[in-house]
Amino acid sequence: MGTQESDEQARGTGRRAVLGAAVLGAGGAVLGLPGTARADARHGGGGVRSLPVPTIIGHRGASGYRPEHTFGAYELALDMGAHVVEAGDLVPTKDGHIVCRHEPEIGGTTDVADHPEFASRKTTKVLDGVSTTGWFTEDFTLAELKTLRAIERIPANRPHNTLYNGRWEIPTFEEVLRWQDEQTRKRGKQVWIYPETKHPTYFRKLGLGLEERVAKLLRKYGKDRKNSPVILQSFEPTSIQRLNKLVGNPLAVLLSGPTTRPWDFVEAGDPRTVADLVKPEGLKWIASYANGIGPTLDLIIPRDANGNLTKPTTLVKDAHAAGLILHPWTLRNENPFLPANFRKGTDADAYGDVFGAYKAYFATGIDGVFTDQPDTGLLAHEDFVND
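Now for a quick tour of the structure. Being a predicted model, the structure only gives us computed values, none of them experimental. (Residues numbered from 1 in each chain as written. Predicted model: local features only at pLDDT ≥ 70, side-chain atom pairs only at ≥ 80, totals over all residues. Heavy atoms only, no water.)

**Things to note about the overall build of the chain**
Then step 1. Along the backbone of the chain there are 15 helices and 12 strands.
Then step 2. Taken across its 387 residues, the chain has 58% of its residues classed as buried.
Then step 3. Look at the contacts in the chain between residues 6 or more apart in sequence, and 70% of them connect residues 24 or more apart.
Then step 4. Summed over all atoms, the accessible surface of the chain reaches about 14500 Å², with 52% contributed by carbon and sulfur. (Helix = DSSP H or I, 4+ residues; strand = E, 2+ residues; numbered from the N terminus. Buried < 20%, exposed > 50% of the residue type's maximum accessible area, 1.4 Å probe, protein only. Contact = heavy atoms within 4.5 Å. Areas by Shrake-Rupley, 256 points an atom, 1.4 Å probe, with all protein chains shown as cover.)

Structure representation (structure tokens):
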């Protein structure tokens, strides 16, 4: 998950019904839990009946335990039982391939700094208005990127993950689509993925438009339809609108803090902020081309000046009234990422009362959540549907 997203239009109503039934409808059938009837009754059938509610989405895989956006992280998320895997954040290479990295800058997620042959590629660029120094995927061919290996992005919070530094290469989106089919056959149930277009306006200006490349791959593998097990997301509403015209997949708009503006809005001079988009009229606009939203958790329950949770907003109710599902981001077990009233101690890598946090967020009626620790999320799901 990244920074901003949205989508849906003429085909929207049908898509919305399909995804709404999917995320709100299966209620827990995959887990075979006895107490899932309550959630299951919320919506009728639909194209995707295998996604329980609340849906547990492995954020960049099981990134709480393995370096993110690697097949090690993706497969562990499935092993833990994640209902959906966010595979992956999509960025282009110099020669037009699509790879999975959290950001185009790869100094923090690969061992590129240890490769003297690429030392001259280090540079400073302005990425969505922010000066960023490092190495960028668009300056590498796919063959060059394949010589690199993934490393842990936040070692201070996840020192144990550094054990796996250097083990996995950077996956391409095409490899992910093939992997999805292989894992579906191997596990005997449909594997779902939730890729995101990253910085699409930035890349379009470089002549590396993401949406057309993503759509071409989805069509190649027959995964471009409303019932396909691929949900597409972006922080830029225009990216979702573009995808809506190219493919039939379920679509979601990502939303950051209330005062932020999607970068495509900044570039186009659109004055609206996220605070505008989460109002009923903004949600109705999103619902005209998208099936759901991926808001930051603070848009669901804000925090006070001390970092404690306050009262829930009306976003869940308002989004559901507009026919949208909500998959907020991101729940993590470690103290620094939790609301202050759910932290235990002060260690940066120690776990807090994350089950308490899940309970508070699930109680708002959200349809699912992105999490770095899918096993924890599934236990919280079980507690919730059987409560």
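Moving on from the model shown.
**Describing the packing of helix H5 (residues 173-187) against helix H7 (residues 210-220)**
Then step 1. Contact pair H5 / H7: the axes reach a minimum separation of 10 Å and the direction vectors enclose 30°. When the axis of H5 is compared with that of H7, the two are roughly parallel. Both H5 and H7 take part in a crossing whose hand is right-handed. Of the residues in H7, those in contact with Phe173, Glu174 and Leu177 of H5 are Val214, Leu217, Leu218 and Lys220.
Then step 2. Of the residues that constitute the contact of H5 with H7, the class distribution is 5 nonpolar, no polar and 2 charged. (Axes fitted to C-alpha atoms, helices over the stretch in contact; angles between N-to-C directions. Parallel < 35°, antiparallel > 145°, perpendicular 65-115°, else oblique. Left-handed = near helix turned anticlockwise from the far one by under 90°. Nonpolar A, V, L, I, M, F, W, Y, C, P; charged D, E, K, R; others polar.)

**Here we look at the pairing of strand E6 (residues 130-134)**
Then step 1. Relative to E6, strand E5 (residues 123-127) runs antiparallel, the two sharing 5 bridges. Within the sheet, the bridge partner assigned to Thr123 lies in E6 and is Gly134.
Then step 2. A loop of 2 residues connects E5 with E6, the two strands running antiparallel in sequence, and Asp128 in this loop sits at a positive phi of about 50°. (Pairing = 2+ DSSP bridges.)

**Quick word on the packing of aromatic side chains**
Then step 1. Tallying each qualifying case throughout the model produces 12 aromatic pairs.
Then step 2. Residues Tyr74 and Trp179 carry aromatic rings whose centres are separated by 5.7 Å and whose planes lie at 50° to one another, so their mutual orientation is tilted. Of this pair, Tyr74 sits in helix H3 (residues 71-80) while Trp179 sits in helix H5, placing them 105 residues apart in sequence.
Then step 3. A relative accessible area of 3% means that Trp179 is categorised as buried.
Then step 4. Judged by centre distance (5.5 Å) and plane angle (55°), the rings of Phe362 and Phe384 are tilted. You can see Phe362 sitting in helix H14 (residues 354-362) and its partner Phe384 sitting in helix H15 (residues 374-385), a full 22 residues away along the chain.
Then step 5. Overall, Phe362 belongs to the buried group, its relative accessible area being 3%. (Phe/Tyr/Trp six-rings, centres within 6.5 Å; stacked < 30°, edge-to-face > 60°.)

**Section: the pattern of salt bridges**
Then step 1. Under the counting rule described, the total for this entry stands at 26 salt bridges.
Then step 2. As a salt-bridge pair, Asp139 and Lys125 come within 3.0 Å of each other at their nearest N and O atoms. Separated by 14 residues along the polypeptide, Asp139 in the loop between E6 and helix H4 (142-145) and Lys125 in strand E5 bring together distant segments of the chain.
Then step 3. For Asp139, a relative accessible area of 23% gives the class partly exposed.
Then step 4. A salt bridge links Asp298 to Arg303; the nearest nitrogen and oxygen atoms lie 3.1 Å apart.
Then step 5. By relative accessible area, which is 34% here, Asp298 ends up partly exposed.
Then step 6. The exposure class of Arg303 is partly exposed, given its relative accessible area of 29%. (Salt bridge = Lys/Arg side-chain N within 4 Å of Asp/Glu carboxyl O.)

**Concerning the sheet that holds strand E2 (residues 84-85)**
Then step 1. Strand order in the open sheet formed by 3 strands is E2-E1-E12, with parallel pairing between adjacent strands. With one partner strand each, in any of the chains shown, E2 and strand E12 (368-371) form the two edges of the open sheet.

**Quick look at the sheet that holds strand E4 (residues 98-100)**
Then step 1. Strand order in this open sheet of 7 strands is E4-E3-E7-E8-E9-E10-E11, and the pairing throughout is mixed. Pairing within the sheet leaves two strands with one partner each, and these edge strands are E4 and strand E11 (325-326).
Then step 2. Strand direction decides the pairing type here: strand E8 (residues 232-234) and strand E9 (residues 251-255), joined by 3 bridges, are parallel. The residue of E9 that forms the bridge with Leu232 is Leu251.

**Topic: unusual backbone geometry**
Then step 1. Here Val53 and Pro54 are connected by a cis peptide whose omega angle stands at -5°.
Then step 2. Position of Pro54 relative to the elements: it lies in the loop between helix H2 (37-40) and strand E1 (55-58).
Then step 3. The residue after Trp329, namely Thr330, is reached through a cis peptide bond having omega -10°.
Then step 4. Inspection of the secondary structure puts Thr330 in the loop between E11 and H14.
Then step 5. Here Arg60, not a glycine, exhibits a phi torsion of approximately 60°, which is positive.
Then step 6. By secondary structure assignment, the location of Arg60 is in the loop between E1 and H3.
Then step 7. With relative accessibility at 4%, the residue Arg60 sits in the buried group.
Then step 8. Even without being glycine, His199 reaches a positive phi, approximately 45°.

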